[in-house]
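Chains, contacts and geometry: an overview
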Amino acid sequence: MAHTEERTFVAIKPDAVIRGLTSTIIKRFEDKGYKIIGLKMLMVSPEQAAKHYEEHYGKPFYDRLIRYISSGPIVAMVLQGYNVIKGVRQLMGATDPAEAQVGTIRADFAQLKEYNSVHGSDSAESAEREISIYFNPEELCTEWKNMTELVTEKEDFI
Ligand code: IDP
Ligand code: MG
């Protein structure tokens, strides 16, 4: 069976952005080989926060979660790769940093469940839904040439 790449939505949450961990966390994903096909820093609007976390509406931690995600900039990303949805969740570790495996992002950079540094979609449906909350389709870079193709294009060769 042919392997097909998936896409997922990842956000570096405000606690990590403010501590200067953006490049360190992005590196974990790039080192795995996932392609970044969308990337931006933004302040999450109340509408985006409510859509993103609609499944948690009514839970005891909901109001604090919305305040946290809107409290400072996030770095939003779309990553592409084989089994990227599951793979990102593995690299992030368990929701509670105290339960997360050492070596995962949440274990290594966070202390509290409430401020756990990173978000990653939990399914293909969530990924599509979350990508559309933060990105317009034209903001995603889906076509590129590899360097071999570029080097062997001889038209403008001087
Ligand atoms: P996930 O981010 O690992 O998918 P979810 O259960 O979907 O975890 O929760 C979304 C986010 O809500 C978590 O990443 C965390 O920031 C926050 N959260 C989840 N459970 C709790 C809790 O019991 N107390 C405080 N915050 C929580
Ligand atoms: Mg979740």
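This write-up is about the structure you can find in this document.

Parameters and conventions
Residues numbered from 1 in each chain as written. Chains lettered and ligands numbered in written order. Predicted model: local features only at pLDDT ≥ 70, side-chain atom pairs only at ≥ 80, totals over all residues. Heavy atoms only, no water. Near = heavy atom within 4 Å. Polar contact = N/O pair within 3.5 Å; in protein donor to acceptor, adjacent residues only side chain to side chain. Areas by Shrake-Rupley, 256 points an atom, 1.4 Å probe, with all protein chains shown as cover. Nonpolar A, V, L, I, M, F, W, Y, C, P; charged D, E, K, R; others polar. Pairing = 2+ DSSP bridges. Helix = DSSP H or I, 4+ residues; strand = E, 2+ residues; numbered from the N terminus. Axes fitted to C-alpha atoms, helices over the stretch in contact; angles between N-to-C directions. Contact = heavy atoms within 4.5 Å. Buried < 20%, exposed > 50% of the residue type's maximum accessible area, 1.4 Å probe, protein only. Arc of directions from axis to C-beta. Patch = residues over 30% accessible without salt bridge, like charges linked within 9 Å, V, L, I, M, F, W, Y side chains within 5 Å. Salt bridge = Lys/Arg side-chain N within 4 Å of Asp/Glu carboxyl O.

**Notes on the site of ligand 1**
Residues in close proximity to ligand 1 include Lys-13, Tyr-53, His-56, Phe-61, Leu-65, Arg-89, Thr-95, Arg-106, Lys-113, Glu-114 and Asn-116, which together make up its full environment. Interatomic distance of 2.9 Å between a side-chain N/O atom of His-56 and an oxygen atom of ligand 1. One nitrogen or oxygen atom from the side chain of Asn-116 is found 2.8 Å from an oxygen atom belonging to ligand 1. In isolation ligand 1 has 520 Å² of accessible area, and contact with the protein removes 81% of it. Looking at the shell around ligand 1 residue by residue, the classes come out as three nonpolar, three polar and five charged.

**Some remarks on the sheet that holds strand β4 (residues 118–120)**
Ordered in space as β2-β3-β1-β4, the four strands form an open sheet in which the pairing is antiparallel. Since the sheet does not close on itself, it has two edges, and those belong to β2 (35–42) and β4, each with one partner. Mean inter-strand twist for the sheet, computed between neighbouring axes without regard to direction, equals 20°. Packed on one face of the sheet, helix α2 (residues 22–32) meets β1 (5–12), β2, β3 (74–82) and β4 and runs near 165° to β1.

**As for helix α5 (residues 84–92)**
Those residues of α5 not exposed but buried are Val-84, Ile-85, Gly-87, Val-88 and Met-92. Buried residues of α5, viewed axially, fall in a sector of 165°; they line one side. Facing away from the buried side of α5 by over 90 degrees, the exposed positions are Lys-86 and Gln-90. Against β1, α2, β3, α6 (105–109), β4 and α7 (124–134) lie the buried residues of α5. Gly-93, located one to two residues past α5, shows a positive phi value of around 85°.

**Some remarks on the environment of Met-41**
With respect to the helices, strands and loops of the structure, Met-41 is situated in strand β2. For Met-41, a relative accessible area of 54% gives the class exposed.

**Some remarks on the environment of Phe-109**
Examined against the element boundaries, Phe-109 turns out to sit in helix α6. Taking the C-alpha atoms as reference, Phe-109 lies 28 Å from Glu-5; in sequence the two are 104 residues apart. Residues within four places of Phe-109 in sequence aside, it is in contact with Arg-19, Leu-21, Thr-24, Ile-25, Arg-28 and Ser-117.

**Describing unusual backbone geometry**
For Asn-83, which is not a glycine, the phi torsion comes out positive at approximately 50°. One can find Asn-83 in the loop between β3 and α5. With a phi close to 75°, Ser-117 is a non-glycine residue in the positive phi region. Its place among the elements puts Ser-117 in the loop between α6 and β4.

**Regarding a nonpolar patch on the surface**
A cluster of nonpolar residues, Met-147, Leu-150 and Val-151, forms a patch on the protein surface that exposes about 310 Å² of accessible area. Checked against the element boundaries, Leu-150 lands in helix α8 (residues 147–151).

**Points about the side chain of Asp-15**
Tracing the chain through its elements places Asp-15 in helix α1 (residues 14–18). Side chain to side chain, Asp-15 and Tyr-68 meet in a polar contact 2.5 Å long. For Asp-15, the contacting residues outside a window of four places in its chain are Tyr-68, Tyr-115, Asn-116 and Ser-117.

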